[in-house]
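# Coordinate analysis (summary)
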Amino acid sequence: MTAHILVVEDELQLARFVELELGYEGYKVTVLHDGLTGLTTARESQHDLLILDWKLPGLSGLEICRRLRTTGDQVPVILLTAKDTVSDRVAGLDAGADDYVLKPFSVEELLMRVRSHLRRTQEVDPDLLQFEDLSLNKRTRAVKRGDKNIDLTGKEFDLLEYLLTNSRQVISRDRILEAVWGYDFMGDSNIIEVYIRYLRLKLEANHEKRLIQTVRGVGYVLRE
């Protein structure tokens, strides 16, 4: 999946330069210019990495990072700053920043840091299941389609997790029933069809393409 990077930088020319360079590398980029909007967006939308200027109007990049960390958000954060003393570096790391790029910087250095942190994040998050633009976090129980949060009931979540875990595999109704509802389930056998319909309504609410496919006479499969 294409990584989504949030850039919060109040120097308009620098922000545009960073946006273009990241875009050339194939990343999806959102650019904002003040701290309060940056914090709100970081909290409400899913991003794979944040690039924050240290000094921002409204709220500093340092404070954005600190507030995100206090709520348990572990998204990688790279701080951009002209501050180069040891105490400044310590302050940035203490606030929870993952990296520190000193202005003026070369774009090659910034891109190298971005690649490094994105690679590390993808390698160390065993709780994240992804398929196309659909993601599910087993630890936080967060489900997203692109940038949109999707609210699921407990059983809807369990069913989607099972489909994601076995993506591209055709799964029989019996296997789904046993894995999600339990082997001793005595309810209506049409329960799977009902919950598949619930999931499709939520996953395709904005006319997204269908991912949960029906294999007639067999069961279901999560595939393009």
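Residues numbered from 1 in each chain as written. Predicted model: local features only at pLDDT ≥ 70, side-chain atom pairs only at ≥ 80, totals over all residues. Heavy atoms only, no water.

You'll find the protein chain entered in an unreviewed UniProt entry as DNA-binding response regulator, with Brunnivagina elsteri CCALA 953 given as the organism.

For the rest of this paragraph, the subject is the sheet that holds strand β6 (residues 128-131). With antiparallel pairing, four strands are arranged side by side in an open sheet as β6-β7-β8-β9. One side of each edge strand has no neighbouring strand; the edge strands of this open sheet are β6 and β9 (148-149). One ladder, built from three bridges, connects strand β7 (residues 134-137) with strand β8 (residues 143-145); its direction is antiparallel. Note on β8: the bridge partner recorded for Leu136 is Val143. Sheet strands in contact with helix α6 (residues 154-165) are β6, β7 and β8, and its direction is about 115° off that of β7. (Pairing = 2+ DSSP bridges. Helix = DSSP H or I, 4+ residues; strand = E, 2+ residues; numbered from the N terminus. Contact = heavy atoms within 4.5 Å. Axes fitted to C-alpha atoms, helices over the stretch in contact; angles between N-to-C directions.)

Lys103 connects to Pro104 through a cis peptide bond whose omega is -10°. Within the element layout of this structure, Pro104 appears in the loop between β5 (99-102) and α5 (107-123). Although it is not a glycine, Arg168 adopts a positive phi angle of roughly 70°. Inspection of the secondary structure assignment puts Arg168 in the loop between α6 and β10 (171-172). A residue is classified by how much of its surface remains accessible, and Arg168, at 51% relative accessible area, is exposed. (Buried < 20%, exposed > 50% of the residue type's maximum accessible area, 1.4 Å probe, protein only.)

Here the focus is the UniProt feature "modified residue: 4-aspartylphosphate" (unreviewed entry) in the protein chain. Taking the numbering used here, the UniProt-annotated feature "modified residue: 4-aspartylphosphate" (unreviewed entry) corresponds to Asp53. Taking the relative accessible area as the measure of exposure, Asp53 reaches 4% and is therefore buried. Those residues in contact with Asp53 that sit more than four places away from it in its chain are Val8, Glu9, Asp10, Gly61, Leu80 and Lys103. (UniProt positions renumbered as here; feature names shortened; annotations may be inferred.)

Before going further, it helps to spend a moment on the domain arrangement of the protein chain. What the domain assignment reports for the protein chain is domain 1 (4-121) and domain 2 (128-222). The distance between the C-alpha centroids of domain 1 and domain 2 comes to 34 Å. Residue-level contacts link five residues of domain 1 with five residues of domain 2. Roughly 390 Å² is buried in total at the junction of domain 1 and domain 2, and carbon and sulfur atoms are behind 28% of that figure. Area buried by domain 1 at its contact with domain 2 is led by Lys28, Glu44 and Gln46, which between them contribute 78% of it. Counting the contacts that link domain 1 with domain 2 gives one residue pair in polar contact (both at pLDDT 80 or more). (Domains from an automatic or database assignment. Buried area = accessible area lost by both parts, 1.4 Å probe. Polar contact = N/O pair within 3.5 Å; in protein donor to acceptor, adjacent residues only side chain to side chain.)

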